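Chain and residue survey
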Amino acid sequence: MTTAEHSPTAAGSGASATESFRAGRRDHVATDVPPERVSAVVGAVLAGVHDAIREHEVSYAEFQAAKQWLIDVGEGGEWPLFLDVFVEHVVEDVAARSQQGTKGSILGPYYLPDQRKLPAVADLPARPDEQGTPLVFTGQVRDTSGNPIAGAELDLWHADSEGYYSGFAPGIPEGNLRGVIVADNQGRFQIHTIKPSPYQIPTDGPTGKLITAAGWHPWRPAHLHLLVRAPGHRTITTQLYFEGGEWLDSDVAEATKPELVLDLRPHGDGALRADYDFVLEPA
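These numbers were taken from a predicted model, which means no experiment stands behind them.

1. Structural notes on the overall build of the chain
In terms of helices and strands, the chain carries six helices and 14 strands. For the chain, with 283 residues in total, the buried portion stands at 43%. Considering only contacts within the chain whose residues lie at least 6 apart along the sequence, 73% involve residues at least 24 apart. A total of about 14800 Å² of accessible surface is found on the chain, and carbon and sulfur atoms cover 54% of it.

2. Some points on unusual backbone geometry
The backbone of E57 sits at a positive phi, close to 50°, despite the residue not being glycine. The topology assignment puts E57 in the loop between α2 (35-56) and α3 (60-75). In the Ramachandran plot, E254 falls in the positive-phi region, its phi being about 50° despite a non-glycine side chain. Along the chain, the position of E254 falls in the loop between β10 (236-242) and β11 (261-262).

3. As for the pairing of strand β12 (residues 265-268)
Across three bridges, β12 lies against strand β13 (residues 271-275) in antiparallel orientation. Bridging across to β13, G268 finds its partner in A271.

4. Considering the nonpolar core
Core analysis: the largest hydrophobic core is formed by 54 residues, its most contacted members being F137, V141, L224, L226, L240 and F278. Elements with a contribution of two residues or more to this core: α3, α4 (79-86), β3 (134-143), β4 (153-157), β6 (188-194), β9 (223-229), β10 and β14 (278-280).

5. Digging into the sheet that holds β10
Within the open sheet, the six strands sit side by side as β1-β5-β4-β9-β10-β11. Their pairing is mixed. At either margin of the open sheet sits one strand with a lone partner, and together these are β1 (117-118) and β11.

6. Let's talk about helix α5 (residues 88-96)
For α5, the set of buried residues is E88, H89 and E92. With its buried residues spanning 95° around the axis, α5 presents them on a single face. Its buried side turned inward, α5 meets α4.

7. Examining the pairing of β6
Here three bridges tie strand β2 (residues 121-123) to β6, and the two strands are oriented parallel to one another. Along β6, the bridge assignment pairs D123 with H192. When β3 meets β6, the two strands line up antiparallel, connected through seven bridges. Bridged to T138 within β6 is Q190.

8. Concerning the pattern of salt bridges
With the rule as written, the count across this model stands at 13 salt bridges. In this structure, D275 and R273 form a salt bridge, with 3.1 Å as the shortest nitrogen-oxygen distance. What makes R273 partly exposed here is its relative accessible area of 21%.

9. A closer look at the environment of T144
Along the chain, T144 falls in the loop between β3 and β4. For the pair T144 and E281, spaced 137 residues apart in the sequence, the C-alpha separation amounts to 5.6 Å. For T144, the contacting residues outside a window of four places in its chain are Q100, V279, L280, E281 and P282.

10. Here we look at the confidence of the model for the chain
In this model, the chain carries a mean pLDDT of 90, and residues with pLDDT of at least 70 account for 89%. Note on residues 1-7: pLDDT under 50 across the span, and 22 contacts to partners over four residues away in sequence or across chains.

11. As for a nonpolar patch on the surface
Residues V41, V45, V49, I53, V58, Y60 and F63 make up a contiguous nonpolar surface patch of roughly 630 Å² in combined accessible area. Listing elements by their share of the nonpolar patch, those giving two or more residues are α2 and α3. Broken down by element, the residue count for the nonpolar patch peaks at four residues, all from α2. As for its position among the elements, V58 is in the loop between α2 and α3. Given a relative accessible area of 35%, V58 falls into the partly exposed group.

12. Digging into the environment of D251
Take D251: it is sitting in the loop between β10 and β11. Residues D251 and R220, spaced 31 residues apart in sequence, show a C-alpha to C-alpha distance of 5.0 Å. Among the polar contacts listed, one links the side chain of D251 to the backbone nitrogen of A255, at a separation of 3.0 Å.

13. Thoughts on helix α6 (residues 206-214)
Among the residues of α6, P206, T207, G208 and I211 are the ones counted as buried. Elements that come into contact with the buried residues of α6 comprise α3 and α4. Two residues or fewer past α6, G215 is found with a positive phi of approximately 75°.

Cut-offs and rules
- Residues numbered from 1 in each chain as written.
- Predicted model: local features only at pLDDT ≥ 70, side-chain atom pairs only at ≥ 80, totals over all residues.
- Heavy atoms only, no water.
- Helix = DSSP H or I, 4+ residues; strand = E, 2+ residues; numbered from the N terminus.
- Buried < 20%, exposed > 50% of the residue type's maximum accessible area, 1.4 Å probe, protein only.
- Contact = heavy atoms within 4.5 Å.
- Areas by Shrake-Rupley, 256 points an atom, 1.4 Å probe, with all protein chains shown as cover.
- Pairing = 2+ DSSP bridges.
- Core = buried A, V, L, I, M, F, W, Y, C linked by side-chain atoms within 4.5 Å.
- Arc of directions from axis to C-beta.
- Salt bridge = Lys/Arg side-chain N within 4 Å of Asp/Glu carboxyl O.
- pLDDT = per-residue confidence, 0-100.
- Patch = residues over 30% accessible without salt bridge, like charges linked within 9 Å, V, L, I, M, F, W, Y side chains within 5 Å.
- Polar contact = N/O pair within 3.5 Å; in protein donor to acceptor, adjacent residues only side chain to side chain.

The following block contains the structure:
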């Protein structure tokens, strides 16, 4: 089954995300971790769990419910979804302590590699009748000294006007609203697409059941996903949001940052325009 054949349910999205992860499509996967490091980190995690049990006097019934929930998350293929929503933003915050350049954010579970390469001025692949407000996204990629980076790549993907991603919902063509834009010799780009909508993370699986039980909301604000890369430079993984957007101040994934909010302005014929420059540090 290809990713495009999955449904937009939690199980379908989870299966797609898990399939992508298992195919080795994530960077920085640790493969040779010394026992001392494993002991320190895992010991600290377990100590935190033990402390929570003691502090909140967790009962056996609650413990058994938690055990069943953990089993359900695994069987439903939702570990990428759960970890990306509730844990990844802290890992990204730690990584950012030693990084320069443009602010990063989480990758999320909906990245698919090897998308079509496009020129510096390009229309992001879309259906002929793609719904949504037209968006023109422009900017420049530079290094930390202010020099333009010719040929920098912007791997861009985002949800459609109903909050669905190609590859993770039925009826959406493969590669829809995804592409790799190659900047010109001055590092500049101009991308024509549509403004995505906010969306709920899948709520019909165990992750959704946890959110409901805790009284949280499942919404993410509208955003663009980007990997910005160039030879000799650290790749930036980030998300860009929209000023005034719904859920911007209460993102369920806690991934928003003030530096990543786009200022939208009219571009004519009902379209919107946003400008954003990226700065890449040396690798």
